[in-house]
Amino acid sequence: MKLNTELLKKLVTAYGPASNEGIIRSIIIDEIREYVDEYNVDNLGNLIAHKKGNGKKIMISAHMDQIGLMVTDIDKDGFIRFGNIGGISPSISLSQKVLFENGTMGAIFAEPVDDLSKLKLDNMYIDIGARNNKEAEEKVNVGDICIYYSEFIDNEHVVFTSYLDDRVGCYVAIETLKNLNATDNDLYFVFSVQEEVGLRGAKTAAYSIDPDFGIAIDVTAHGDTPKAKRFAIGLHKGTAIKVKDNSIITHPLVRNNLVELAKVNDIKYQMEVLEFGGTDSGAIHTTKEGVPSGVISIPTRYVHSTVEMASKDDIMDSVRLLKAYLEEKK
Ligand code: CO
Ligand code: ZN
């Protein structure tokens with residue numbers, strides 16, 4: 001198994017902010033269709049792909065939505081004001097290019113920009129190059145969402161781009177599905193919607209699937225750059241097995257199972273204690289009477305920026321660990 005950079009690039013550059021996941025969902029359906037027994041799209045837009053088995057029911061969840069900027073107002077000169085969909089940082093957004101679903105491009109700027117400490121979304125705007133309000137409204141409307149325009153860059157060791165969160169998780173799920181050996185487990189691969197606004201898709205998907213175990217695949221932060229807060233996660237140190245974040249303390253059954261499998265299969269791993277954030281497993285584990293759940297994380301620097309960076313080896317170790325977990329009889 002080698003990293004399929006073409007597929008990862010296709011996933012990170014596809015449009016799909018929370019609640020507008022149609023385009024990314026069709027791309028994923030095309031990738032997985034022939035590897036599953038059936039799939040459906042639920043009422044909220046989650047893609048639920050089923051690979052049938054007679055054993056335990058396992059829900060695997062990777063969110064396909066991404067953070068974005070929603071149009072709140074277009075002024076008389078055609079400048080667009082916006083609010084955030086998910087964790088959008090003002091300083092990261094300054095001077096970025098953005099892309100709307102219909103292909104319209106824009107640039108984000110702010111006024112005044114002499115004191116960056118005062119920068120907030122309220123004094124920022126998107127300029128799509130319209131000469132007046134009428135021209136702007138022909139292309140963009142209040143309520144539309146744009147995303148950071150992505151460039152995919154890689155070298156022999158890392159990839160960096162916007163939206164590894166969580167298209168790299170989708171990538172890990174897809175590659176696992178494609179390489180999976182026969183197993184008794186009854187597998188539900190969920191590509192969830194609206195994670196970035198509060199784990200909403202995973203919540204309804206888990207309710208309908210009612211799994212025995214839950215596994216989320218998502219990015220995690222880093223503690224390996226010059227002045228980062230001490231945090232035992234770094235690039236090139238393997239896949240990360242989550243112990244906790246703000247949405248879950250992972251179930252020992254799942255966590256120990258993952259650690260054992262990493263050891264037995266010689267997969268490089270690190271333990272992750274994240275003091276903020278959450279993932280789909282936060283929603284899955286409190287479903288109905290409770291679902292023992294865990295998380296396989298991909299260590300990622302600069303999460304929610306346009307240069308999110310991950311190690312190719314760590315990504316492949318994440319595929320190996322998920323594959324081992326799903327193939328083993330529970
Ligand atoms: Co995120
Ligand atoms: Zn995420």
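Let me begin by describing the structure that accompanies this report. (Residues numbered from 1 in each chain as written. Chains lettered and ligands numbered in written order. Predicted model: local features only at pLDDT ≥ 70, side-chain atom pairs only at ≥ 80, totals over all residues. Heavy atoms only, no water.)

Looking now at the coordination of the cobalt ion (ligand 1). Surrounding the cobalt ion (ligand 1) are the protein donor atoms Asp165 (OD), Glu196 (OE), Glu196 (OE) and His304 (NE2), at 1.8 to 2.5 Å. Binding-site remark: the cobalt ion (ligand 1) is held by donors from one chain whose sequence spacing is D-x30-E-x107-H. For the pair the cobalt ion (ligand 1) and the zinc ion (ligand 2), the metal-to-metal distance amounts to 3.4 Å, and aspartate 165 bridges them. Here histidine 304 lies in the loop between β16 (293–301) and β17 (308–311) and aspartate 165 lies in helix α5 (residues 164–179), a separation of 139 residues in the sequence. The same class applies to aspartate 165 and to histidine 304, which are both buried. (Donors = N, O, S within 2.8 Å, 3.2 Å for Na, K, Ca; no water. Helix = DSSP H or I, 4+ residues; strand = E, 2+ residues; numbered from the N terminus. Buried < 20%, exposed > 50% of the residue type's maximum accessible area, 1.4 Å probe, protein only.)

His63 (NE2), Asp165 (OD), Asp218 (OD) and Asp218 (OD) make up the full set of protein donors to the zinc ion (ligand 2), lying at 2.0 to 2.6 Å. Here the zinc ion (ligand 2) binds four donor atoms, and the angle range of 51 to 145 degrees at the metal identifies the geometry as irregular. (Tetrahedral: all angles 85-135°; square planar, octahedral: opposite > 155°, others 65-115°.)

The geometry of helix α1 (residues 5–12) relative to helix α2 (residues 22–32) is characterised by a closest axis approach of 10 Å and an angle of 155 degrees between their N-to-C directions. It follows from the interaxial angle that α1 and α2 lie roughly antiparallel. Contact with α1, carried on its side by Leu7, Lys10 and Leu11, involves Ile24, Ile27, Ile28 and Glu31 of α2 and no other residues of that element. Here the contact of α1 with α2 is composed, by residue class, of five nonpolar, no polar and two charged. (Axes fitted to C-alpha atoms, helices over the stretch in contact; angles between N-to-C directions. Parallel < 35°, antiparallel > 145°, perpendicular 65-115°, else oblique. Contact = heavy atoms within 4.5 Å. Nonpolar A, V, L, I, M, F, W, Y, C, P; charged D, E, K, R; others polar.)

Our next topic: the pattern of salt bridges. Under the counting rule described, the total for this entry stands at 18 salt bridges. Notably, a salt bridge pairs aspartate 210 with lysine 288, separated by 4.0 Å at the nearest N-O pair. Placement of the pair is aspartate 210 in the loop between α6 (200–209) and β13 (213–220) and lysine 288 in the loop between α8 (280–284) and β16, with a sequence separation of 78 residues. A cluster of three or more residues bridged by salt bridges with shared partners is formed by Lys10, Glu31 and Lys178. (Salt bridge = Lys/Arg side-chain N within 4 Å of Asp/Glu carboxyl O.)

What follows covers the packing of helix α7 (residues 252–264) against helix α9 (residues 312–327). At a closest axis distance of 10 Å, the pairing of α7 and α9 adopts a crossing angle of 115 degrees. With respect to their mutual orientation, α7 and α9 come out roughly perpendicular. Relative to α9, the crossing made by α7 is right-handed. Only Leu321, Ala324 and Tyr325 of α9 make contact with α7, whose side of the interface consists of Val254, Asn257, Leu258, Leu261 and Ala262. Class assignment of the residues belonging to the contact of α7 with α9 gives a composition of seven nonpolar, one polar and no charged. (Left-handed = near helix turned anticlockwise from the far one by under 90°.)

Glancing now at the layout of surface pockets. Counted as a void, the largest pocket has a volume near 360 Å³. Taken together, 18 residues line the largest pocket, and the ones lying closest to its centre are Asp165, Gly277, Gly278, Val303 and His304. Examining the composition of the lining of the largest pocket, we find that three residues originate from one element, β13, more than from any other. Grouping the constituent residues of the lining of the largest pocket by class yields six nonpolar, seven polar and five charged. If you go around the second largest pocket, the residues you meet are Ser95, Gln96, Lys97, Tyr149, Ser150, Glu151, Ile153, Phe160, Thr161, Ser162, Thr306 and Val307. Its residues assigned to classes, the lining of the second largest pocket comprises four nonpolar, six polar and two charged. (1 Å grid on protein atoms, 1.4 Å probe; cavity = no way out; pocket = protein on both sides within 12 Å on 5 of 7 lines; lining within 4 Å. Points joined across faces, edges and corners; volume = space filled by probe spheres on them.)

Let us look at the environment of proline 226. Counting through the fold element by element, proline 226 comes out in the loop between β13 and β14 (239–244). You can call proline 226 exposed: its relative accessible area is 83%. Linking proline 226 and glycine 68, residues 158 residues apart in sequence, is a C-alpha distance of 29 Å.

Nonpolar side chains collect at one region of the surface, where Phe109, Val113 and Leu116 lie side by side and expose about 250 Å² of accessible area between them. Within the element layout of this structure, leucine 116 appears in the loop between β7 (105–110) and β8 (124–127). (Patch = residues over 30% accessible without salt bridge, like charges linked within 9 Å, V, L, I, M, F, W, Y side chains within 5 Å. Areas by Shrake-Rupley, 256 points an atom, 1.4 Å probe, with all protein chains shown as cover.)

To continue, consider the pairing of strand β1 (residues 38–41). Bridging between β1 and strand β2 (residues 47–51) involves four bridges; their strand directions are antiparallel. When the bridges of β2 are listed, asparagine 40 appears paired with isoleucine 48. Hairpin connection, β1 to β2: the antiparallel pair is bridged by five residues, and glycine 45 has positive phi, about 110 degrees. (Pairing = 2+ DSSP bridges.)

What follows concerns the environment of asparagine 40. Here asparagine 40 lies in strand β1. Owing to a relative accessible area of 39%, asparagine 40 belongs among the partly exposed residues under this scheme. Distance from asparagine 40 to isoleucine 215, taken between C-alpha atoms, is 19 Å for residues 175 residues apart in sequence. Setting aside its immediate chain neighbours within four residues, asparagine 40 contacts Asn46, Leu47 and Ile48.

The values are spatial; any link to function lies outside them.
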